[in-house]
Amino acid sequence: MIRSKLWFRCAAMHDPVTPIIIKPAVISWDAKERDVELTIERAFKGDELVMRMKEWVTVEVKKVVELINRYGYLKVLDERDLVVDVETEEDYEQLNKELEKEFKDQLNLERV
């Protein structure tokens, strides 16, 4: 297994950034006829976190998710850090080539 950090280019400052989870999402409900005293705390999955970066980074995040899913998968590690996992060195190299071809210097992987 090869694990990498995924670095985007910030749309505002144009420096490398990667999203992290500070606090999981907390979900509850409003009900018309009663009080609901239930909350669910749930962290984002890797692809959900990337999709939330839309317009904050310089690449089309949906394309990023689709391309990465061809070779591996996105994951949130330790409920905080976004990583990309691939099975083989060949998958890693091919993914890197595809990312560079599609996004140039706007997105890259860094092994961890």
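Here's a quick rundown of the structure.

What counts, and where the lines are drawn
- Residues numbered from 1 in each chain as written.
- Predicted model: local features only at pLDDT ≥ 70, side-chain atom pairs only at ≥ 80, totals over all residues.
- Heavy atoms only, no water.
- Helix = DSSP H or I, 4+ residues; strand = E, 2+ residues; numbered from the N terminus.
- Expected span 1.5 Å × (residues − 1).
- Buried < 20%, exposed > 50% of the residue type's maximum accessible area, 1.4 Å probe, protein only.
- Arc of directions from axis to C-beta.
- Core = buried A, V, L, I, M, F, W, Y, C linked by side-chain atoms within 4.5 Å.
- Contact = heavy atoms within 4.5 Å.
- Axes fitted to C-alpha atoms, helices over the stretch in contact; angles between N-to-C directions.
- Parallel < 35°, antiparallel > 145°, perpendicular 65-115°, else oblique.
- Left-handed = near helix turned anticlockwise from the far one by under 90°.
- Polar contact = N/O pair within 3.5 Å; in protein donor to acceptor, adjacent residues only side chain to side chain.

A word on helix 3 (residues 89–103)
Step number 1: Here helix 3 spans 21 Å end to end across 15 residues, near enough to the 21 Å set by a 1.5 Å rise per residue.
Step number 2: Those residues of helix 3 not exposed but buried are Tyr-92, Leu-95, Leu-99 and Phe-103. Angularly, the buried residues of helix 3 cover 65 degrees about the axis, an arc narrow enough to put them on a single face. For helix 3, exposure combined with an orientation more than 90 degrees from the buried face picks out Glu-90, Lys-97, Glu-100 and Lys-101.

Some details on the nonpolar core
Step number 1: Ranked by size, the top nonpolar core spans 26 residues in total, and within it Leu-6, Phe-8, Val-50, Val-64 and Leu-95 carry the most contacts.
Step number 2: Contacts of Val-50, omitting those with residues within four sequence positions, involve Leu-6, Phe-8, Val-61, Val-64, Val-65, Leu-74 and Leu-82.

Some details on the packing of helix 2 (residues 61–71) against helix 3
Step number 1: Helix 3 packs onto helix 2 with a crossing angle of 160 degrees between their chain directions and a minimal axis gap of 9 Å. By the angle class used here, helix 2 and helix 3 are roughly antiparallel. In the crossing of helix 2 with helix 3, the sense of the turn from one axis to the other is right-handed. Residues Lys-63, Val-64, Leu-67, Ile-68, Arg-70 and Tyr-71 of helix 2 touch helix 3, and the partners they reach there are Asp-91, Gln-94, Leu-95, Glu-98, Leu-99, Glu-102 and Phe-103.

What about the environment of Asp-85?
Step number 1: Structurally, Asp-85 can be placed in strand 6 (residues 81–86).
Step number 2: Of the residues examined, Asp-85 reaches a relative accessible area of 1% and is grouped as buried.
Step number 3: Beyond its immediate stretch of four places on either side in the chain, Asp-85 contacts Met-1, Ile-2, Arg-3, Gly-72, Tyr-73 and Lys-75.
Step number 4: Within the local environment of Asp-85, its side chain forms a polar contact with the side chain of Arg-3, the two groups lying 2.8 Å apart.

Take it as geometry only, folks, not as evidence of what the structure does.
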